[in-house]
Amino acid sequence: MAPDTAFLTPSELHDAVSTNTDSHFKPFRLKLANGATLTGLPHVSSRQTYNANPRPLLIGIHGATCSAYTYDLSPQYTGSTYSHMFGIPIIAFNRPHCLDSSGWLVDRSSQEPNKPAFNDEGGASYFENEGLWMHEYILPALWNEFDESSGCTGIVTTSHFMAVPITIVAAAAYCTQTVRERQYPWNGMILSGFSAQNTVHCGKVSAALQTDPHREPHEMPLGHDYRIHIPPFWPADQADLMLGPQGLGTDPNLRTLFQKSTTPFLTGKVSDLFGWWPQNSAQFKASIILPILYGLGEYDWVWQGTKRNVEAFCAGFVNAERVEGACVEGSPHAIELGACGRGWWIRCCGWALEVTASAAMRAMRDKPAKFEQGERTI
């Protein structure tokens, strides 16, 4: 364990959103190079499956209204199951301004939370600031902390909803660096719960949040700050957002868990979602050369779950090594929590193993020659 890292007893903020009574994750606290604090949940499986190497470090990046605990909701819905199954470490972190991870507006991890000791990274928006923060500080720190102890050879990220544009910004910064400039090896990106065209229902509920922000005290998530956070969704909308409509076949117990695990999110990121991102996404997508796996639930609450929407989102990655995208039939916004959840988890872990092995092969100095190529067809 690195000197600046210490495992912690979950704080009141963590207790408020933790829902798994039999968790195999253990909370961590990590000091970043800029002085900020990063908290989260690691699960480093001792099990070795297949070959010990190449081995991906799978990093979970949660979306809006969620936290690292979304990857560990209950004994039936936890990433630790698949971490153990495949022998892949899974690290989920609380993004800046979530729970007690530091942020540039309010730093809950400090003794003076309203006076952060650090600034943003000079980006033009919240999305860009956080993406640069992720690339410059968070991913290097996680790699330095967990790569050697877990025997990993590269990072694969899996990002959901609001974390998707932030991860794209970070990946664009990474891909435009030279190999020598990079502080960590990034082998692939898994993206879900984000697209191009919204549902009409999402637009109506979002508009209602702006015109009717009143909530009773018990309805406000712990840590909500009216100066920077948007009022939370109503409980029924929050459950529908993540799990889809009633009758879809998702576990009814998850609706109760999500009502407890809701966290506040920044108002500025809503503005970015509908304003800055559509105007600027193309340049960031075009910079990415990493392989991409993308999934959109057919019953996504926010985005139109259609093949056309999948194709529209994927089309921008014109320089990516490979792009695999699909509309996942019968799945909600949070694919991993729906009827196809186990299959999605298994696919993501298998894909992470595959692209990590491909990256290792690409780096080989003495690769064998291919079989003779030609124009003839059988």
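Just so it is clear, the structure is predicted and the values come from calculations on it, not from any experiment.

## So, the packing of aromatic side chains
Aromatic ring pairs are defined here through the distance separating the ring centres and the angle between the ring planes.
Here's step 1: Applying the stated criterion across every chain, the model contains 18 aromatic pairs.
Here's step 2: With a centroid separation of 6.1 Å and an interplanar angle of 45 degrees, the aromatic rings of Tyr184 and Trp186 are classed as tilted. Pair check on accessibility: Tyr184 and Trp186 agree, each one buried.
Here's step 3: The interplanar angle of 80 degrees and the centroid separation of 6.5 Å between the aromatic rings of Phe194 and Trp277 together place this pair among those described as edge-to-face.

## Some thoughts on the layout of surface pockets
Here's step 1: When its volume is computed, the largest pocket comes out at roughly 480 Å³.
Here's step 2: Contributing to the lining of the largest pocket are 21 residues, with Arg182, Trp186, Asn187, Ala359 and Arg362 lying nearest its centre.
Here's step 3: The set of elements that each furnish at least two residues to the lining of the largest pocket consists of helix 4 (163–175), strand 9 (186–192) and helix 10 (341–362).
Here's step 4: At six residues, helix 10 tops the list of elements feeding residues into the lining of the largest pocket.
Here's step 5: Of the residues contributing to the lining of the largest pocket, the split by class is 13 nonpolar, four polar and four charged.
Here's step 6: Considering only enclosed or pocket space, the second largest pocket measures out at about 250 Å³ in volume.
Here's step 7: Residue lining of the second largest pocket: 15 residues in total, with Ser195, Ala196, Trp277, Pro278 and Ser281 positioned closest to the centre.
Here's step 8: Of all the elements in the fold, those that place two or more residues in the lining of the second largest pocket are helix 8 (267–286) and helix 9 (307–314).
Here's step 9: Sort the elements by how many residues they give to the lining of the second largest pocket and helix 8 lands first, with seven residues.
Here's step 10: A per-class count over the lining of the second largest pocket returns ten nonpolar, four polar and one charged.

## Points about the nonpolar core
Here's step 1: Leu142, Ile168 and Trp186 are the most contacted members of the largest nonpolar core, which has 76 residues in total.
Here's step 2: Residues contacting Ile168, with those up to four places away along its chain left out, are Met189, Leu191, Trp277, Phe284, Lys285, Ile288, Phe313 and Phe317.
Here's step 3: Ile190, Leu293, Cys348 and Ala352 belong to the second largest nonpolar core, which has 27 residues in total.

## Some details on the environment of Tyr77
Here's step 1: Along the polypeptide, Tyr77 turns up in strand 6 (residues 77–78).
Here's step 2: Setting aside chain neighbours within four positions, we find Tyr77 in contact with Tyr71, Asp72, Asp251, Leu254, Glu336 and Leu337.

## Quick look at the packing of helix 6 (residues 235–243) against helix 7 (residues 253–261)
Here's step 1: Contact geometry for helix 6 and helix 7: axes closest at 9 Å, N-to-C directions at 115 degrees. The crossing of helix 6 and helix 7 is right-handed. Here Pro235, Ala236, Gln238, Ala239, Asp240, Met242 and Leu243 of helix 6 lie close against helix 7, whose contacting residues are Leu254, Arg255, Phe258 and Gln259.
Here's step 2: In the contact of helix 6 with helix 7, the residues fall into seven nonpolar, two polar and two charged.

## Observations concerning helix 4
Here's step 1: Taking 1.5 Å of rise per residue, the 13 residues of helix 4 would be expected to cover 18 Å, and the 18 Å separating its terminal C-alpha atoms lies within 8% of that figure.
Here's step 2: Most of helix 4 is tucked away: 13 of the 13 residues are buried.

## Looking at the confidence of the model for the protein
Here's step 1: For the protein, mean pLDDT is 90; residues scoring 70 or higher make up 94% of the total.
Here's step 2: In the predicted structure, residues 1–10 sits below a pLDDT of 50 and forms 22 contacts with residues beyond four places in sequence or in another chain.

## Details of the pairing of strand 9
Here's step 1: Most of strand 9 sits inside the fold, with seven of its seven residues counted as buried.
Here's step 2: In the sheet, strand 8 (residues 154–160) pairs with strand 9 via six bridges, with the strands oriented parallel. For His160, the partnering residue across the bridge sits in strand 9 and is Ser192.
Here's step 3: Handedness of the β-α-β unit built from strand 8, helix 4 and strand 9 comes out right-handed.
Here's step 4: Here four bridges tie strand 9 to strand 10 (residues 292–299), and the two strands are oriented parallel to one another. Of the residues in strand 10, the one forming a bridge with Ile190 is Leu293.

## A closer look at the pairing of strand 11 (residues 323–332)
Here's step 1: For strand 10 and strand 11, the ladder comprises seven bridges, and the chain directions are parallel. Bridge assignment links Leu296 to a residue of strand 11, and that residue is Cys327.
Here's step 2: Taken together, strand 10, helix 9 and strand 11 form a β-α-β motif whose crossover is right-handed.

## Considerations on the state of the cysteines
Here's step 1: For the structure shown, the criterion picks out zero disulfides.
Here's step 2: Unpaired in terms of disulfides, Cys66 finds its nearest cysteine sulfur in Cys98, a separation of 8.5 Å.
Here's step 3: Cys340 forms no disulfide, and the closest cysteine sulfur to it belongs to Cys327, at a distance of 10 Å.
Here's step 4: For Cys340, a relative accessible area of 27% puts it in the partly exposed group.

## A word on the pattern of salt bridges
Here's step 1: Tallied over the entire structure, the rule returns nine salt bridges.
Here's step 2: Residue Arg95 pairs with Glu130 through a salt bridge whose shortest N-O separation is 2.7 Å. In this pair, Arg95 is assigned in the loop between strand 7 (90–93) and helix 3 (126–150) and Glu130 in helix 3, connecting sequence segments 35 residues apart. This pair shows no difference in class: Arg95 is buried, exactly as Glu130 is.
Here's step 3: Close ionic contact of Arg322 with Glu324 constitutes a salt bridge, the shortest N to O distance being 2.6 Å.
Here's step 4: Exposure remark for Arg322: the relative accessible area of 23% places this residue in the partly exposed category.
Here's step 5: Glu324 gets classed as partly exposed once you look at its relative accessible area, which sits at 25%.
Here's step 6: It is possible to trace a salt-bridge network through shared partners that takes in Arg95, Glu130 and Lys269.

What counts and how
- Residues numbered from 1 in each chain as written.
- Predicted model: local features only at pLDDT ≥ 70, side-chain atom pairs only at ≥ 80, totals over all residues.
- Heavy atoms only, no water.
- Phe/Tyr/Trp six-rings, centres within 6.5 Å; stacked < 30°, edge-to-face > 60°.
- Buried < 20%, exposed > 50% of the residue type's maximum accessible area, 1.4 Å probe, protein only.
- 1 Å grid on protein atoms, 1.4 Å probe; cavity = no way out; pocket = protein on both sides within 12 Å on 5 of 7 lines; lining within 4 Å.
- Points joined across faces, edges and corners; volume = space filled by probe spheres on them.
- Helix = DSSP H or I, 4+ residues; strand = E, 2+ residues; numbered from the N terminus.
- Nonpolar A, V, L, I, M, F, W, Y, C, P; charged D, E, K, R; others polar.
- Core = buried A, V, L, I, M, F, W, Y, C linked by side-chain atoms within 4.5 Å.
- Contact = heavy atoms within 4.5 Å.
- Axes fitted to C-alpha atoms, helices over the stretch in contact; angles between N-to-C directions.
- Left-handed = near helix turned anticlockwise from the far one by under 90°.
- Expected span 1.5 Å × (residues − 1).
- pLDDT = per-residue confidence, 0-100.
- Pairing = 2+ DSSP bridges.
- Right-handed = clockwise from strand over helix to strand, strands pointing away.
- Disulfide = S-S within 2.5 Å.
- Salt bridge = Lys/Arg side-chain N within 4 Å of Asp/Glu carboxyl O.

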